[in-house]
Amino acid sequence: MEAPLNSQSYLPIVRGNSDYSIKIENSDIATADFMGGGSLNFGSIIISGKKKGETIMSITDKVTGTVEEVKLKVTDFYLPLVISNSNHPALLQNMRFYLVNNEKKRCLFLSGKGWKISATAKGEL
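Read on for an overview of the structure. (Residues numbered from 1 in each chain as written. Predicted model: local features only at pLDDT ≥ 70, side-chain atom pairs only at ≥ 80, totals over all residues. Heavy atoms only, no water.)

### Quick word on the overall build of the protein chain
Here is the rule we go by: By the criteria applied, helices consist of DSSP H or I runs no shorter than four residues and strands consist of E runs no shorter than two, each listed in order from the N terminus. What makes two residues a contact is simply this: any of their non-hydrogen atoms within 4.5 Å. Here the accessible surface of atoms and residues is derived via Shrake-Rupley with a 1.4 Å probe, and residues count as covered only by protein chains that are part of the display.
Per the secondary structure count, the protein chain includes zero helices and 11 strands. Across the protein chain, the fraction of contacts at a sequence separation of at least 24, relative to all contacts at a separation of at least 6, is 41%. About 8600 Å² of surface is accessible on the protein chain, with carbon and sulfur atoms providing 53% of the total.

Below, the structure written as structure tokens:
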């Protein structure tokens, strides 16, 4: 399971009784809380990335005592964007680009057709 730095990810619970305890091995890397679901689902675990790295999240079913461990990795936060219309020669229509919220403030520009997409340019501040 991956979670972006300084943001949240959701791990849906697909079965169970909605009575869990959650423990993060290294709470400097991430935190996690259970959000109960309504009558149509079993809830989700909300994971907040605090620092890049890897740790283990243990989810314990308080009723059955069953424990599941999930490897958790906190990664850079990527903001995906698409150029829908452009009259600029460097920004092609349907070009995809990602702004990376990390210490180097990287960016990645991708273009292509269908499943054939390649990097057009990369950069950092």
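### Let's talk about a nonpolar patch on the surface
The test is simple: Patches here are clusters of residues that have more than 30% relative accessible area and form no salt bridge, with a 9 Å joining cutoff for like charges and a 5 Å cutoff for nonpolar side chains (Val, Leu, Ile, Met, Phe, Trp, Tyr). Salt bridge criterion: a side-chain nitrogen from Lys or Arg within 4 Å of a carboxyl oxygen from Asp or Glu. Exposure classes here rest on a 1.4 Å probe applied to the protein chains alone. A residue is buried below 20% of its type maximum, exposed above 50%, and partly exposed in between.
A grouping of Leu 79, Leu 81 and Leu 99 is seen on the molecular surface, where their side chains present a nonpolar patch of about 210 Å² in accessible area. Mapping Leu 79 onto the fold places it in strand S8 (residues 77-82). Accessibility expressed as a relative area gives 38% for Leu 79, which makes it partly exposed.

### Regarding the environment of Lys 52
Using the following cut-off: Nitrogen and oxygen atoms within 3.5 Å of one another constitute a polar contact, given that in protein one can donate a hydrogen and the other can accept it, and given that sequence-neighbouring residues count only through two side-chain atoms.
Mapped onto the secondary structure, Lys 52 falls in the loop between strand S5 (44-49) and strand S6 (53-61). Using a relative accessible area of 37% as the deciding quantity, one classes Lys 52 as partly exposed. When the C-alpha atoms of Lys 52 and Lys 73 are compared, they prove to be 7.4 Å apart, with 21 residues separating the residues in sequence. Leave out the neighbours within four places in its chain, and Lys 52 touches Leu 5, Val 74, Thr 75, Asp 76 and Glu 103. A polar side-chain atom of Lys 52 sits 3.1 Å from a polar atom in the side chain of Asp 76.

### Points about the environment of Val 100
Position of Val 100 among the secondary structure elements: in strand S9 (residues 96-101). Measuring from C-alpha to C-alpha, the distance between Val 100 and Leu 79 comes to 6.3 Å, with 21 residues separating the pair along the chain.

### Re the nonpolar core
The test is simple: Only buried Ala, Val, Leu, Ile, Met, Phe, Trp, Tyr and Cys residues count toward a nonpolar core, and they belong to the same one when joined by side-chain atoms within 4.5 Å.
Counting 16 residues, the largest nonpolar core has Ile 45, Ile 47, Met 57 and Ile 59 as the members making the most contacts within it. Among the elements of the structure, strand S3 (20-24), strand S4 (30-35), S5, S6 and strand S7 (67-75) are those that each provide at least two residues to this core. Per element, the largest residue contribution to this core is three residues, and it comes from S7.

### Focus on the side chain of Asp 61
Looking at where Asp 61 falls in the secondary structure, it is placed in strand S6. By relative accessible area, which is 11% here, Asp 61 ends up buried. Within the local environment of Asp 61, its side chain forms a polar contact with the backbone nitrogen of Thr 64, the two atoms lying 3.1 Å apart. Ignoring sequence-local partners within four residues, the contact set of Asp 61 consists of Asn 17, Asp 19, Tyr 20 and Thr 66.

### Quick word on unusual backbone geometry
One non-glycine residue, Asn 6, lies in the positive phi region at around 55 degrees. Among the secondary structure elements, Asn 6 is positioned in the loop between strand S1 (2-4) and strand S2 (8-12). With phi around 65 degrees, Asn 94 is a residue other than glycine that occupies positive phi space. Residue placement: Asn 94 occurs in the loop between S8 and S9.

### Structural notes on the sheet that holds S2
Counted only if it meets this: Criterion used throughout: strands pair if DSSP finds at least two bridges between them. For every element, the axis is a line fit to its C-alpha atoms; helices are fit only across the contacting stretch, and the angle between N-to-C directions ranges from 0 to 180 degrees.
Pairing is antiparallel across the open sheet formed by three strands, whose spatial order is S2-S5-S4. If you trace the sheet from one side to the other, it starts and ends with S2 and S4, each paired once. On average, adjacent strands in this sheet sit at an angle of 25 degrees to one another, irrespective of strand direction. Here S2 pairs with S5 via five bridges, running antiparallel. Each residue of the ladder has a partner; that of Leu 11, found in S5, is Ile 45.

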